[in-house]
Amino acid sequence: MAHHHPKEELDALKRTVENIKDPLYRFFERECTIGRKLLKTVLTDLNDVAQVCEMKKKQTNYIRALLSDLQKGIVPKSWNQYTVPGGVTINPWIVDFAERIRQLYKIVEAAKKGQTALKELSVWLGGLFSQEAYVTATRQSVAQCKGYSLEELRLQVSVHDKAVELDSSSFGICGLKLMGAVHARGKLNITEDIMTDLVYTKISWVREQDITALGKQITLPVYLNNTRTLLVETLNFATDEDMFYQRGVAILCTALA
């Protein structure tokens, strides 16, 4: 199990007079703080367990409980700091956690380059600790940048097979999973496939009065995962079909199960 974990610590984001005003920066700063603390806990715990196993350290009740959980394949309580589907075992959890930390490294690197790099980063929504807070931060960021009120902004979405150029109102999301439908030529169609990947989803915050008529649309729920208990957002897609609701078509942020 040990070969998965990143070796060094995650750097903190550096505040400046400019970036601290940016809601998106503040969101990423919070994410990195949570990630940094949890990474430290996980690495310390794994190191302590290894030391006990090698007889270099005395066993404590905490380490005993850790060992017991890890042997049963359970995620230790002290690691369980964000929502994952109930019953996720330790191996998929560690792989998923390593991916989350990798994304945080990218965020830290982008933040060093400045606000533009941070805004243009493709974000794996399922790998964030708070999905709703990210969506809210993008909305606040556009409202602030354009001088609009939050109330007048509506979420628009388009799906692409690779990263596309973003304007000041748009953000790129990767890794969303579409259940029970496929996206082709700008429209959603029902499919027998269980799950298809939305390679790159562009979300844009647009004033209601600036939205051009888009023809027939369907509103799909975006859930955190396949338990479908945590609703993150709803998104509108162009379609020619009617059967979506009966078929339980939805979008998931993560396939972790």
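Preceding block: the structure.
The following refers to the structure shown.

Conventions we followed
Residues numbered from 1 in each chain as written. Predicted model: local features only at pLDDT ≥ 70, side-chain atom pairs only at ≥ 80, totals over all residues. Heavy atoms only, no water. Helix = DSSP H or I, 4+ residues; strand = E, 2+ residues; numbered from the N terminus. Contact = heavy atoms within 4.5 Å. Areas by Shrake-Rupley, 256 points an atom, 1.4 Å probe, with all protein chains shown as cover. Lys, Arg positive; Asp, Glu negative; His and termini not counted. Charge placed at Lys NZ, Arg CZ, Asp CG, Glu CD. Disulfide = S-S within 2.5 Å. Salt bridge = Lys/Arg side-chain N within 4 Å of Asp/Glu carboxyl O. Buried < 20%, exposed > 50% of the residue type's maximum accessible area, 1.4 Å probe, protein only. Core = buried A, V, L, I, M, F, W, Y, C linked by side-chain atoms within 4.5 Å. Phe/Tyr/Trp six-rings, centres within 6.5 Å; stacked < 30°, edge-to-face > 60°. Lys NZ or Arg CZ within 6 Å of the ring centre and 35° of its normal.

## Overview of the overall build of the protein
Piece 1. On a plain count of helices and strands, the protein comes out with five helices and seven strands.
Piece 2. Listing each helix as α and each strand as β along the protein from the N terminus yields α-α-α-α-β-α-β-β-β-β-β-β.
Piece 3. In terms of overall dimensions, the protein has C-alpha extents of about 70 × 50 × 30 Å along its principal axes.
Piece 4. Within the protein, contacts between residues at least 6 apart in sequence are counted, and of these 67% link residues at least 24 apart.
Piece 5. Accessible surface, the protein: about 13,700 Å² in total, of which carbon and sulfur atoms supply 52%.
Piece 6. Across the protein, the 33 positively charged side chains and the 30 negatively charged ones have centroids separated by 5 Å.

## Some details on the state of the cysteines
Piece 1. All chains considered together, the criterion is met by zero disulfides.
Piece 2. C174 provides the cysteine sulfur closest to C253, a residue in no disulfide bond, and the two sulfurs are 11 Å apart.

## A closer look at the pattern of salt bridges
Piece 1. Taken as a whole, this structure holds 12 salt bridges when the rule is applied.
Piece 2. Here D48 makes a salt bridge to K57, at a shortest N to O gap of 3.3 Å.
Piece 3. Overall, D48 belongs to the buried group, its relative accessible area being 16%.
Piece 4. Note that E99 is salt-bridged to R102, the shortest N-O span being 2.6 Å. One end of the pair is E99 and the other is R102, both in helix α3 (residues 90-113) and three residues apart, which spans about a single turn.
Piece 5. You can call E99 partly exposed: its relative accessible area is 36%.
Piece 6. Judged by relative accessible area, which is 42%, R102 ranks as partly exposed.
Piece 7. Connected via shared salt-bridge partners are D11, E109 and K112.

## Topic: the nonpolar core
Piece 1. In terms of nonpolar packing, the biggest core is built from 68 residues, with F28, W79, W93, Y134, F237 and I251 touching the most fellow members.
Piece 2. Looking at this core element by element, the count peaks at 12 residues for helix α1 (residues 23-53).
Piece 3. Those residues in contact with Y134 that sit more than four places away from it in its chain are L24, F27, F28, V123, L125, L128, F171, G172 and I173.

## Structural notes on the side chain of T201
Piece 1. Inspection of the secondary structure puts T201 in strand β4 (residues 187-207).
Piece 2. Since its relative accessible area comes to 0%, T201 is described here as buried.
Piece 3. Not counting residues up to four positions away in its chain, the partners in contact with T201 are V157, S158, V159, F171, G172, I173 and L176.

## Observations regarding the packing of aromatic side chains
Piece 1. Tallied over the full model, the rule gives seven aromatic pairs.
Piece 2. For the pair W93 and F97, a centre-to-centre distance of 5.0 Å together with 15° between the ring planes defines the contact as stacked. Within this pair, W93 and its partner F97 are both found in helix α3, separated by four residues, close to a single helical turn.
Piece 3. Exposure remark for W93: the relative accessible area of 0% places this residue in the buried category.
Piece 4. These aromatic residues form a ring-pair network of at least three members: W79, Y82, W93, F97 and F129.
Piece 5. K119 extends its terminal NZ or CZ atom over the ring of F171, reaching a point 4.5 Å from the ring centre.

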